[in-house]
Amino acid sequence: MRKFNFRCLLGLGSAALALSLSTAMAADKPTLKIGYVNGWDDSVAATFVAGQILQDKLGYKVELKPVEPAIMWQGVARGDLDATLSAWLPATHGEYYAKLKDKVTVLGSNYKGAKIGLIVPDYVAAKSIADLNAQAKDYDGKITGIDAGAGVMRRTEDAIKQYKLTDIKLMPSSGPAMATALTRAEKDQKPIVVTGWIPHWMFAKWKLRFLDDPQKVFGDDEHVDTVVNPALAGKAADATAFLGKFSWNGEEVGAVMLAIREGAKPEQAAKDWIAKNPERVAGWLQ
């Protein structure tokens, strides 16, 4: 009995020591600040999943900061932010990168095949932007847009001119209003054309496609990159390694975005996805 008690005490002592060391190691780790674009569903999904992994698997305290794109890039360059997983390159954020490329480090792409353009449900007849004029009545003579001044809206105005869509008007609204209009059209199987982009939760919910753009008004496909402050590698090597490996596909990011869209808190949506995909997470952490 004394021998058993001694072993128990020894085991408890070892466990306490391990816990103490683990706590000390966690305390030594810096708080990581990650910026994401406020209102961009894909940015929210990627940032919360990566942040949850950094916190739960690598032991960092993480602060997620919703900011506008310009502030996000400036924050990473100054070191106010350690990282962002929301850099759309080479076009959408190309101006920011050109100005700050000597003050940031691009770790790689976390999503490939990002794209903006005009989107239709798969059941509609139009295949190309040029088809819209002849079918203008089917779409009530309009393209349902998002916020006036957004990049995809400016490109759509250019597309109307380049493709001579004289019978089509661009109708500004908002991201949620566009999604509501698309939801109604899908429910009734009515033709609609909207401004949009991928990755987006709507591609996880419905069968959609981009209209062909042979004149390249909307540009080529882009990639969403992970960009960090150069100092991050020195103060959080394992976090930097993980962020460099973090990369996923449209189905994966779409699942998280759709869960958030349907009412889940971003933190919970991230935790649920991580729990369902342990092999993917383990691969990023190797």
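Just so it is clear, the model here is predicted, and its values are computed rather than measured. Numbers given to residues run from 1 along each chain, matching the order in which its sequence is written. This being a predicted model, a pLDDT of at least 70 is required before a residue's local features are given, and a value of 80 or more before pairs of side-chain atoms are given or counted; all residues contribute to the totals for chains, interfaces and linings. Side-chain numbers here rest on the full set of heavy atoms in the structure, without hydrogens or water.

> So what's going on with the overall build of the protein? Residues and values would help.
When helices and strands are counted, the protein shows twelve helices and nine strands. With respect to the three principal axes, the spread of C-alpha positions in the protein is 90 × 45 × 25 Å. In the protein, the proportion of contacts linking residues at least 24 apart, taken out of those at least 6 apart, comes to 81%. A total of about 14,900 Å² of accessible surface is found on the protein, and carbon and sulfur atoms cover 53% of it. Here Asp and Glu are counted as negative and Lys and Arg as positive; His is not counted, and neither are the chain ends. To locate a charge, the coordinates of NZ of Lys, CZ of Arg, CG of Asp or CD of Glu are taken. Seen as two clouds, the 36 positive and the 33 negative side-chain charges of the protein have centres 5 Å apart. Helix and strand definitions follow DSSP, with helices as H or I runs of at least four residues and strands as E runs of at least two, each counted in order from the N terminus. Residues are treated as being in contact if the distance between any of their heavy atoms lies within 4.5 Å. In this description, accessible areas are obtained by the Shrake-Rupley approach with a 1.4 Å probe, and a residue is regarded as covered only by the protein chains that are shown.

> How would you sum up the side chain of Glu186? Please name residues and give values.
Within the fold, Glu186 resides in helix H6 (residues 175-188). Although Glu186 is buried, it makes no salt bridge; Lys205 carries the closest opposite charge, 9.5 Å away. With near-sequence residues (within four places) excluded, Glu186 lies in contact with Pro121, Tyr123, Trp206, Lys207 and Leu208. The rule is simple: take the accessible area with a 1.4 Å probe, protein chains only, and divide by the maximum for that residue type; under 20% is buried, over 50% is exposed, in between is partly exposed. Here, a salt bridge means any Lys or Arg side-chain nitrogen found within 4 Å of an Asp or Glu carboxyl oxygen.

> Kindly report on the pattern of salt bridges, identifying the contributing residues and their values.
Side-chain pairs of opposite charge can arise where the charged atoms are in close proximity. Enumeration over the complete set of coordinates arrives at ten salt bridges. Salt-bridge contacts for Lys29 lead to Asp238; the nearest nitrogen and oxygen are separated by 3.3 Å. You can see Lys29 sitting in the loop between helix H1 (2-28) and strand E1 (32-37) and its partner Asp238 sitting in helix H9 (residues 237-245), a full 209 residues away along the chain. Take Asp238: its relative accessible area is 32%, and that puts it in the partly exposed class. The salt bridge involving Lys99 is made with Glu95; its shortest N-O contact spans 3.6 Å. Taken together, the residues span about one helical turn, with Lys99 and Glu95 both in helix H4 (residues 94-100) at a distance of four residues. By sharing partners, the salt bridges in this structure join Asp122, Lys207 and Arg209 into a single network.

> Mind laying out the UniProt feature "domain: ABC-type glycine betaine transport system substrate-binding" (unreviewed entry) in the protein, listing which residues take part and the relevant values?
The sites that UniProt annotates as "domain: ABC-type glycine betaine transport system substrate-binding" (unreviewed entry) are residues 31-276. In residues 31-276, the share of helix is 40% and the share of strand is 23%. The end C-alpha atoms are 27 Å apart. UniProt positions are given in the numbering used here, feature names are shortened, and annotations may be inferred rather than shown by experiment.

> Give me the packing of helix H2 (residues 41-56) against helix H11 (residues 266-276): which residues, what numbers.
Each packed pair of helices is defined by two parameters, the angle between the axes and the distance between the axes. Only the stretch in contact is used when fitting a helix axis, every axis being a line fitted to C-alpha atoms; angles between N-to-C directions are given from 0 to 180 degrees. Following both chains from N to C, one finds H2 and H11 inclined at 65 degrees, their axes separated by 9 Å at the closest point. As judged from the angle between their axes, H2 and H11 are roughly perpendicular. Between H2 and H11 lies a crossing whose hand is right-handed. Listed contacts from H11 to Val44, Phe48, Val49, Gln52 and Ile53 of H2 are Pro266, Glu267, Ala270, Lys271, Trp273 and Ile274. By the definition adopted for this analysis, an angle is roughly parallel if under 35 degrees, roughly antiparallel if over 145, roughly perpendicular if from 65 to 115, and oblique otherwise. Whether a crossing is left-handed or right-handed is set by the direction in which the near helix is turned from the far one by less than a right angle, anticlockwise for left-handed and clockwise for right-handed.

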